[in-house]
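Descriptive structure summary
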Protein chains: 2
Amino acid sequence: MQKVMIAGVGMTPFSIYKDRSTRSLAEEAIQEAVQDAGSSIHDIGAVYFGNAVGGLITGQESIRGQVAVRKTGLLDRGIPVFNIENACASGSTAVNLAWLAVASGQHEAVLAVGAEKMSHENKAVTFKALESAVDQESLDEIKAQIGSAGAGQTQSMFMDIYSAMTRKYMEKSGATPEDFARIAVKSHQAGKLNPKAQFRHEVTLEEVMQSRLISDPIRLLMCSPIGDGAAALLICSEEYAKKVGAEAVQIAASVVVSGSADGSLEPATVRAVRQAYEMAGVGPNDLDVVEVHDAAAPAEVIEYEELGLCGEGEGPAFLASGATMLGGRVPVNPSGGLISKGHPVGATGCAQLVELADQLRGRCGGRQKQGAKVALAENGGGFLGPDPAATTITILTR
Amino acid sequence: MQKVMIAGVGMTPFSIYKDRSTRSLAEEAIQEAVQDAGSSIHDIGAVYFGNAVGGLITGQESIRGQVAVRKTGLLDRGIPVFNIENACASGSTAVNLAWLAVASGQHEAVLAVGAEKMSHENKAVTFKALESAVDQESLDEIKAQIGSAGAGQTQSMFMDIYSAMTRKYMEKSGATPEDFARIAVKSHQAGKLNPKAQFRHEVTLEEVMQSRLISDPIRLLMCSPIGDGAAALLICSEEYAKKVGAEAVQIAASVVVSGSADGSLEPATVRAVRQAYEMAGVGPNDLDVVEVHDAAAPAEVIEYEELGLCGEGEGPAFLASGATMLGGRVPVNPSGGLISKGHPVGATGCAQLVELADQLRGRCGGRQKQGAKVALAENGGGFLGPDPAATTITILTR
């Protein structure tokens, strides 16, 4: 396996785009990534296209990637397009396949693209589409599992899933709703500094705690929003990156795991990150900056523990220490995370890596972690009940 | 890159399964493939799961593979599952990614699975879902392109696409509707001998020519049917195949290409097969047995030419020569093809390779090509207009 680099990144601002298609969003991200690398669309050998709910929201299934890229020039040589689905982890799963294509020497340069048009004039269509990332054959069991306080309070089953997970975590760790509110405050502080973020304003602890209860203890301002957007990464060999003179970072590890069928394994993140640390030859103390999948705020605190940033049950204290704030020892979600940057589901896995590649290249302005050399992204997707369906870990170095 | 083998195959009969889910179909195919290889589910390193229209027909998007395999034991170690879409070429695109995973040494043994629950109590749901494999942003242009005689005569836009392509081919080659009817007769003769085929009865030329006109010149008995089914391949290193004592065949080439955006390139099959012949070090005259994507009968004759089995414009004469019949020099679609074996879209690419692996292992009974050593499958998917969205070529040898 040869060294694999990210030589260019591109991303639309995340937002609600009433008048733009998935294609239009993908085109912008792709053009930016190719330009950033100093590459040409005609050097690209394959496209790995992540999208999660396009079929149910826009009606475009099956050949989503070919449709999205057909006007970029990428099909001028008829290169292969791989359409990858993995719920909210679609983007980083596409990255994993792109990584292998380059690592194995099959291609010199490829594109990983995550794109999602998630908004719909009828919000119920969006919520229904998101539920398709839950095992449809086990819906009754799953509803029973997430039952009790949270279930059914919201249109979004995923917030009920997160709240059930959160209540368990609170029992174990002593975490409080205020802890999760602090995550939301922190994320918005970072998002304000990210020109691509969907929300670019701060919120106070009070505002978060007084926002509408979605699924106990999760409140509206602790949730990632519905949004649209695309992100793209030009992934290539070290030789190619040098040839085009790109300022590149290395993909030191890329790992995809599935959840267990019955909750009998360690958490997916714990298994995935162990593999990734080994692959990259680093440990949690080496990380300078991290992006985690905070589709709901409590997930960030839980991830502190699962990634080994702190010990078990120490999440709330670790948060309180300020270590994960901008300016802290290891800023987590400097992009604003899913809560503030936004979460157009299929795009998220790529967007996390756009942020981290830019952090390692010192391009993040007011939210820059100075001298960052090792970065990690955790991206999760879908729900089998009791486990998530997929988790990915990507480690970047420079 | 190391040698890649198919060590085991499994497949449900193709049929309309009112009371079985995609999961149930996938489980049967997977268990059969693992057993055929003499392997164990616990040796599998990853799953590549092809499905095309599950989201729109069953409501299960995003994590289709994890849901389908969750009760097989495959998730007992939380291995990665990759959900691959590429319309009617989803199955063979999954095979391509599985092939790379083994060729690169990333995994020793993986599964490629194609599964589709395509039937729905309301046929309109199925036809609508299939249309999602056409570029939705270019529907008006595409309808204009396929216009004239055929368009709109059928519920299935794809038969209008095929009929437009067929009319062009008839002008060039002098092929007649009777030629296409002969393909249907030939396919049914083969399907009758395949215990896994959806249609296991012969039809006469007259019956085909008198069947309902679907989209001129395509008649009902020239069309692949709606159906359900699954097929699975255990793909592994040569060393692993030896270890488990499998009777294995080699994947000598696996190529995926996209169509051009504007029809400016050579046909996708021509480009893909050129690459595949080069990769495998064989030419059209070396082929002993072939499976092609005859979603409608005329496609088979067109493919004779595009694969180089005969010269340009010689398709009808080549068919008339009997070379592609069972017992001929190079039987095409000995499985019955899509018309008689059936075409549960996401499963088809894997099912073609089930047949070819069994042909190379001499397991095909009355439809066996004696002494077959080199086999080729062509699988196509989706429509960008004017080109198909994707074409794959796989060459197997033993």
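What counts, and at which threshold
- Residues numbered from 1 in each chain as written.
- Chains lettered and ligands numbered in written order.
- Predicted model: local features only at pLDDT ≥ 70, side-chain atom pairs only at ≥ 80, totals over all residues.
- Helix = DSSP H or I, 4+ residues; strand = E, 2+ residues; numbered from the N terminus.
- Rg over C-alpha atoms; globule rule 2.2 N^0.38 Å.
- Buried ≥ 20, exposed ≤ 12 C-beta atoms within 10 Å, placed from the backbone.
- Contact = placed C-beta atoms within 7 Å.
- Nonpolar A, V, L, I, M, F, W, Y, C, P; charged D, E, K, R; others polar.
- Pairing = 2+ DSSP bridges.
- Axes fitted to C-alpha atoms, helices over the stretch in contact; angles between N-to-C directions.
- Least-squares fit on C-alpha atoms with pLDDT ≥ 70 in both.
- Expected span 1.5 Å × (residues − 1).
- pLDDT = per-residue confidence, 0-100.
- Core = buried A, V, L, I, M, F, W, Y, C linked by C-beta atoms within 7 Å.
- Domains from an automatic or database assignment.
- Parallel < 35°, antiparallel > 145°, perpendicular 65-115°, else oblique.
- Left-handed = near helix turned anticlockwise from the far one by under 90°.

**Focus: the overall build of chain A**
Summing up its helical and strand segments, chain A has 15 helices and 11 strands in all. Here the C-alpha radius of gyration of chain A, 19 Å, is about what a compact globule of 398 residues would show, namely 21 Å. Dimensions of chain A, computed from C-alpha atoms along their principal axes, come out at roughly 55 × 45 × 40 Å. The burial tally for chain A puts 65% of its 398 residues in the buried class. For chain A, the share of sequence-separated contacts (at least 6 apart) that also reach a separation of at least 24 residues comes to 77%.

**Overview of the interface of chain B and chain A**
Contact with chain B, which involves 53 residues of that partner, is made by 54 residues of chain A. Of all elements in the fold, only helix H2 (54-58), helix H3 (64-69), strand S3 (81-85), helix H4 (90-103), strand S8 (249-258), helix H11 (268-280), strand S10 (374-383) and strand S11 (388-397) of chain B reach the threshold of two or more residues within the side of chain B that touches chain A. In terms of residue count, S3(B) provides more of the side of chain B that touches chain A than any other element does, five residues in total. Here the residues of the side of chain B that touches chain A are counted per class, giving 24 nonpolar, 20 polar and nine charged. Pairing between strand S3 (residues 81-85) of chain A and S3(B): three bridges, direction antiparallel. Paired with Glu85(A) across the strands is Asn83(B), a residue of S3(B).

**Structural notes on the packing of helix H4 (residues 90-103) of chain A against helix H15 (residues 345-360) of chain A**
Residues and elements named next belong to chain A. Look at H4 against H15: their axes get within 4 Å of each other, and the N-to-C directions meet at 60°. Here H4 contributes Ser90, Gly91, Ser92, Thr93 and Val95 to the contact with H15, which in turn contributes Gly346, Ala347, Thr348, Gly349, Cys350 and Leu353. Residues that form the contact of H4 with H15 fall into these classes: four nonpolar, seven polar and no charged.

**Examining the relation of the copies chain B and chain A**
Mapping chain B onto chain A is achieved by rotating through 180° and translating by 0.0 Å along the same axis, at an RMSD of 0.0 Å. Classification of the inter-copy transformation places it as that of a two-fold axis. A symmetric contact is evident, with 100% of the interface residues of chain B recurring at the interface of chain A.

**Describing helix H15 (residues 345-360) of chain B**
All names here are of chain B. Between its first and last C-alpha, H15 extends 24 Å over 16 residues, near the 22 Å set by a 1.5 Å rise per residue. Among the 16 residues of H15, 16 are classified as buried, and the element is accordingly described as predominantly covered. Where H15 terminates, the next one or two residues include glycine 362, which has phi positive at roughly 65°.

**Examining the confidence of the model for chain A**
Overall, the prediction assigns chain A a mean pLDDT of 96, with 98% of residues at 70 or greater. The complex prediction reports pTM at 0.98, with the ipTM value standing at 0.98.

**Details of the environment of Gly382(B)**
Note on placement: Gly382(B) falls in strand S10. Distance from Gly382(B) to Ser258(B), taken between C-alpha atoms, is 9.8 Å for residues 124 residues apart in sequence. Look past the residues within four positions of Gly382(B) in its chain and what remains in contact with it is Ser62(A), Ile63(A), Gln66(A), Asn86(B), Ala87(B), Ala133(B), Pro388(B), Ala389(B) and Ala390(B).

**Things to note about the environment of Ser15(B)**
Residues and elements named next belong to chain B. Note on placement: serine 15 falls in the loop between strand S1 (4-11) and helix H1 (22-37). For serine 15, a count of 19 C-beta atoms within 10 Å gives the class partly exposed. Remark: the alpha-carbon pair of serine 15 and isoleucine 57, spanning 42 residues in sequence, is separated by 16 Å. With residues up to four places along the chain from it excluded, the contact list for serine 15 reads Gln198, Gly227, Asp228 and Gly229.

**Side note on helix H12 (residues 298-306) of chain A**
Residues and elements named next belong to chain A. For H12, the buried fraction is high: nine of the nine residues fall into the buried class. Pro298, Ala299, Glu300, Val301, Ile302, Glu303, Tyr304, Glu305 and Glu306 are the residues of H12 that are buried. With its phi angle positive at about 80°, glycine 308 sits one or two positions after the end of H12.

**Here we look at the nonpolar core**
Ranked by internal contacts, the top residues of the largest apolar core, which has 279 residues, are Ile6(A), Val47(A), Val113(A), Ile6(B), Val47(B) and Val113(B). Here Val113(A) is in contact with Ala26(A), Ala29(A), Ile30(A), Val47(A), Phe49(A), Gly50(A), Ala94(A), Ala230(A), Ala232(A) and Cys350(A), once residues within four sequence places are set aside.

**Describing the pairing of strand S2 (residues 47-50) of chain B**
All names here are of chain B. On S2, burial covers both faces: Val47 and Phe49 on one face and Tyr48 and Gly50 on the other are all buried. The pairing of S2 with S3 spans four bridges and is parallel. Each residue of the ladder has a partner; that of glycine 50, found in S3, is isoleucine 84. Pairing of S2 with strand S4 (residues 109-117) involves four bridges; the strand directions are parallel. Bridging from a neighbouring strand, valine 47 pairs with leucine 111 of S4.

**Considering the domain arrangement of chain A**
Interface size, as often reported, equals the accessible area lost upon joining of the parts. Residue and element names in this part refer to chain A. Partitioning chain A into domains gives domain 1 (4-121 + 228-251) and domain 2 (134-225 + 255-397). Spacing between the C-alpha centres of domain 1 and domain 2 amounts to 23 Å. Of all the secondary structure elements, the ones that give two or more residues to the side of domain 1 that touches domain 2 are strand S1 (4-11), H4, strand S4 (109-117), strand S7 (228-237) and strand S8 (249-258). Looking at side-chain class alone, the side of domain 1 that touches domain 2 contains 21 nonpolar, 12 polar and three charged residues.

**Re the pairing of S4(B)**
Residues and elements named next belong to chain B. Buried residues dominate S4, accounting for nine of its nine residues. Of the two faces of S4, both are covered, the one formed by Ala109, Leu111, Val113, Ala115 and Lys117 as well as the one formed by Val110, Ala112, Gly114 and Glu116. Bridge count for S4 against strand S7 (residues 228-237) is nine bridges, and the pairing is antiparallel. Looking at the pairing, lysine 117 lines up with aspartate 228 of S7.

**What about unusual backbone geometry?**
Residue and element names in this part refer to chain A. The amide bond that connects aspartate 216 to the next residue, proline 217, takes the cis arrangement and shows omega of 5°. With respect to the secondary-structure elements, proline 217 resides in the loop between strand S5 (213-215) and strand S6 (218-219). Backbone torsion omega between glycine 385 and proline 386 reads 5°, so that peptide bond is classified as cis. Within the element layout of this structure, proline 386 appears in the loop between strand S10 (374-383) and strand S11 (388-397). One non-glycine residue, serine 62, adopts positive backbone phi at about 70°. With respect to the secondary-structure elements, serine 62 resides in the loop between helix H2 (54-58) and helix H3 (64-69). For serine 62, a count of 34 C-beta atoms within 10 Å corresponds to the buried category.

**Some thoughts on the packing of helix H7 (residues 157-173) of chain A against H12(A)**
Residues and elements named next belong to chain A. Contact pair H7 / H12: the axes reach a minimum separation of 10 Å and the direction vectors enclose 50°. Between H7 and H12, the angle falls in the class oblique. At the point where H7 passes H12, the crossing takes the left-handed sense. Together, Tyr162, Thr166 and Tyr169 of H7 and Pro298, Ala299 and Ile302 of H12 make up the contact between the two elements. Residues that form the contact of H7 with H12 fall into these classes: five nonpolar, one polar and no charged.

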